[in-house]
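Structural description and commentary
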Amino acid sequence: MEELLVEAEGAQQIHFNALENIYKWGSSLVFQCLIKPPVKKNTIPIDLKLHNDIRAVERARFAPQVAEKRRLIKQYKMERERQQKLEEQEEIKRLRKELIPKAQLMPYFDRPFVPRRSEKQPIVPREPKFCIPRHKTIRCCRMSCNDMSGPSQLQHLPSSVEKTEALYKNRIEDYNNMM
């Protein structure tokens, strides 16, 4: 405490000496500017209203409403489940009374199934086209089956086609004879 008083007196002495020097020089304007301004009153802090505080109060009012609504929803769900369970039990009781188990009918063994001949015409096979169309051939070597010279597999194919056709005709005749 005494140290603070000594420091304050020292500061006043320095200030007073500076004022004397200015006064000696005759500058009255400077002397008037250095006069200490009057002390202001201490400011009293205003009570702050933070948004968090306002929100907390509103939430405190809102939370019970939400809880009440949830409770009502839960109660409604439980009631609905209970009614649904009762309806299912009533339905089961009604079905048990109405439905009488019935045996499956016996198949007729005195009239066995006999397949009948189809009324559709048999399919007549066509000869396949082994020539490659001109637009699908490779551009570097544009040759069709007809342009090829020398033995190749494509030249032997028509004879195999004829054999296949003969086999189909034989099968059709055998089928017709069976029916």
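Residue positions are given per chain, counted from 1 along the sequence in the order it is written. Local features in a predicted model are, by the rule used here, given only for residues with pLDDT of at least 70; side-chain atom pairs are given and counted only at 80 or more, and totals for whole chains, interfaces and linings are based on all residues. Here the side-chain values reflect all heavy atoms present in the structure, with hydrogen atoms and water set aside.

The helix and strand tally for the protein chain stands at 4 helices and 0 strands. Ordered by position from the N terminus, the helices and strands of the protein chain form the series α-α-α-α. For every accessible area listed, the method is Shrake-Rupley and the probe measures 1.4 Å; residues are considered covered only by the protein chains on display. Approximately 19,300 Å² of the protein chain is accessible, and the part contributed by carbon and sulfur atoms is 59%. For helices the rule is a DSSP run of H or I covering at least 4 residues; for strands it is a run of E covering at least 2, with both sets numbered from the N terminus onward.

So, on to the environment of Val124. Inspection of the secondary structure assignment puts Val124 in the loop between helix 3 (51–98) and helix 4 (153–178). Relative accessibility decides the category of a residue: with a 1.4 Å probe and only protein chains considered, values under 20% of the type maximum give buried, values over 50% give exposed, and everything between is partly exposed. The exposure class of Val124 is exposed, given its relative accessible area of 67%. Between the alpha carbons of Val124 and Glu165 there is a distance of 9.2 Å; along the sequence they are 41 residues apart.

The subject of this paragraph is helix 3. Each full turn of the α-helix corresponds to 3.6 residues, which orients residues three or four apart in the same direction. What a helix should span is 1.5 Å times the count of its residues minus one. Its 48 residues give helix 3 an end-to-end C-alpha distance of 68 Å, which sits within 8% of 70 Å, the value for a rise of 1.5 Å per residue. Arg61 marks the point of greatest bend in helix 3, at about 25 degrees, and the proline Pro64 comes within the next four residues. Take the seven residues that end at a residue and the seven that start at it, fit an axis to each, and the angle between those axes is the bend at that residue.

Bringing the pattern of salt bridges into the picture now. Any carboxyl oxygen of Asp or Glu within 4 Å of a side-chain nitrogen of Lys or Arg constitutes a salt bridge here. A full pass over the atoms with the stated rule returns 5 salt bridges. A salt bridge links Arg94 to Glu98; the nearest nitrogen and oxygen atoms lie 2.9 Å apart. Residue Arg94 and its partner Glu98 are both found in helix 3; the two are separated by 4 residues, about one turn of the helix. For Arg94, a relative accessible area of 37% corresponds to the partly exposed category. For Glu98, a relative accessible area of 49% puts it in the partly exposed group. Note that Lys169 is salt-bridged to Glu165, the shortest N-O span being 3.9 Å. Taken as a pair, Lys169 and Glu165 lie in helix 4 at a separation of 4 residues, close to a single helical turn. A relative accessible area of 31% means that Glu165 is categorised as partly exposed.

Bringing the confidence of the model for the protein chain into the picture now. For any part of a model where pLDDT is low, the fine detail of the predicted coordinates should not be relied upon. As a per-residue quantity, pLDDT reports the predictor's confidence and falls between 0 and 100. In the predicted model, the protein chain carries a mean pLDDT of 76, and the fraction of residues at 70 or more is 67%. At the level of individual helices and strands, the protein chain shows its lowest average pLDDT in helix 2 (residues 28–33), which scores 52, and its highest in helix 3, which scores 94. Throughout, a contact is declared for two residues whenever any of their heavy atoms are within 4.5 Å. Contacts for the low-pLDDT stretch residues 142–156, under 50 throughout, to residues beyond four places or in other chains number 13 contacts.

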